[in-house]
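Understanding the architecture of this molecule
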Amino acid sequence: LAQRDIFRHMTIGILVVDDNGKVLEVNKGAAPFVQTAPGDTFEMEKFLAPLQAEGEVTEFLYRYRHYPGERLQLEVALMDNAVRHMTIQISPILDDRKSMLGRIITFHDVTELRKLVDEMNRKNEALHERNLELITIQEELFRVNQKLEQMAITDSLTGCFNRRYLMQQLEHEVLLNLRYRI
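Structural notes, computed from the coordinates. (Residues numbered from 1 in each chain as written. Predicted model: local features only at pLDDT ≥ 70, side-chain atom pairs only at ≥ 80, totals over all residues. Heavy atoms only, no water.)

**Some points on the overall build of the chain**
Secondary structure assignment for the chain yields five helices and six strands. Going residue by residue from the N terminus, the α and β elements of the chain occur as α-β-β-α-β-α-β-β-β-α-α. Its C-alpha atoms give the chain a radius of gyration of 34 Å, more than 25% over the compact-globule value 16 Å for 182 residues. The principal-axis extent of the C-alpha atoms belonging to the chain is close to 100 × 45 × 35 Å. Restricting to contacts in the chain with at least 6 residues of sequence separation, those with at least 24 account for 33%. Entry remark: accessible area of the chain is about 13,600 Å², with carbon and sulfur atoms responsible for 55%. With 23 positive and 28 negative side-chain charges, the chain shows a spacing of 4 Å between the two charge centroids. (Helix = DSSP H or I, 4+ residues; strand = E, 2+ residues; numbered from the N terminus. Rg over C-alpha atoms; globule rule 2.2 N^0.38 Å. Contact = heavy atoms within 4.5 Å. Areas by Shrake-Rupley, 256 points an atom, 1.4 Å probe, with all protein chains shown as cover. Lys, Arg positive; Asp, Glu negative; His and termini not counted. Charge placed at Lys NZ, Arg CZ, Asp CG, Glu CD.)

Now the structure itself:
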């Protein structure tokens, strides 16, 4: 009884179908996504037809039909009052001999997660653009600093090194001579 109560009241939509697509169990969490009852036939193609899928629907349906023992996942957009995103996950139900008995189809509302991912992607793009701008500014500062350094050690009229450069070079040579005792 406890398991059945938990199954009925989960927020994740759960649909249990046999190997022919006949609905065996459905919980309340599936109601926002699919209107079906035990005994109905659930047809994935008809269910997905009006939805906008994020992934490859053709490949998903092919695998659903031809590889029933595989686990599958697809994200779809529901266009009702507002855009909602949902993931459909399909897991096979196998017996001890790995024979197919049916499938468990779950429906997860991932609208908030999708919004957060989209917002994070927008922020990452903005940060990337800002980083490119900062790199450009850094390169420009490097070029300007090189120019300032050149201007600080040369005479603007003749282009020859000035007294400041001469003093720096002499100090450097004196320190080298003292280090190597020359």
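**A word on the nonpolar core**
The biggest cluster of nonpolar side chains holds 23 residues, and the ones touching the most others in it are Phe42, Met44, Phe47, Leu48, Ile88, Ile105 and Phe107. For this core, the secondary-structure elements that each account for two or more residues are strand 1 (13-18), helix 2 (44-48), helix 3 (57-66), strand 4 (72-79), strand 5 (83-94) and strand 6 (100-109). In this structure Phe42 touches Leu15, Val17, Gly21, Val23, Val34, Phe47, Tyr64, Ile105 and Phe107, once residues within four positions along its chain are discounted. (Core = buried A, V, L, I, M, F, W, Y, C linked by side-chain atoms within 4.5 Å. Buried < 20%, exposed > 50% of the residue type's maximum accessible area, 1.4 Å probe, protein only.)

**Focus: the layout of surface pockets**
In this structure, the largest pocket occupies an estimated 180 Å³ of space. Around the largest pocket, the lining is made up of 14 residues, and of these Asp19, Asn20, Gly21, Tyr64 and Arg103 lie nearest the centre. Where the lining of the largest pocket is concerned, the elements lending two or more residues are strand 1, helix 2, helix 3 and strand 6. For the lining of the largest pocket, the per-class residue count stands at six nonpolar, two polar and six charged. (1 Å grid on protein atoms, 1.4 Å probe; cavity = no way out; pocket = protein on both sides within 12 Å on 5 of 7 lines; lining within 4 Å. Points joined across faces, edges and corners; volume = space filled by probe spheres on them. Nonpolar A, V, L, I, M, F, W, Y, C, P; charged D, E, K, R; others polar.)

**Focus on the pairing of strand 5**
Strand direction decides the pairing type here: strand 4 and strand 5, joined by eight bridges, are antiparallel. Directly across from Leu74, in strand 5, lies its bridge partner Ile88. Hairpin remark: strand 4 followed by strand 5, antiparallel, with three residues in the connecting loop. Strand direction decides the pairing type here: strand 5 and strand 6, joined by nine bridges, are antiparallel. Looking at the pairing, Met86 lines up with Asp109 of strand 6. What sits between strand 5 and strand 6 in their antiparallel hairpin is a turn of five residues, with Lys98 showing a positive phi close to 65 degrees. (Pairing = 2+ DSSP bridges.)

**Some details on the pairing of strand 6**
Both strand 1 and strand 6 contribute to a ladder of six bridges, which runs antiparallel. Across the sheet, the residue bridging to Ile14 is Thr106, located in strand 6.

**Observations regarding the environment of Arg114**
Tracing the backbone through its elements, the reader meets Arg114 in helix 4 (residues 111-153). Residues Arg114 and Leu74, spaced 40 residues apart in sequence, show a C-alpha to C-alpha distance of 14 Å. Among residues more than four places away in sequence, those in contact with Arg114 are Glu75 and His85.

**Quick word on a nonpolar patch on the surface**
Taken together, Leu134, Ile137 and Leu141 make up a surface patch of nonpolar side chains, about 270 Å² in accessible area. When you line up the elements, Leu134 lands in helix 4. Note on Leu134: relative accessible area 40%, which makes it partly exposed. (Patch = residues over 30% accessible without salt bridge, like charges linked within 9 Å, V, L, I, M, F, W, Y side chains within 5 Å. Salt bridge = Lys/Arg side-chain N within 4 Å of Asp/Glu carboxyl O.)

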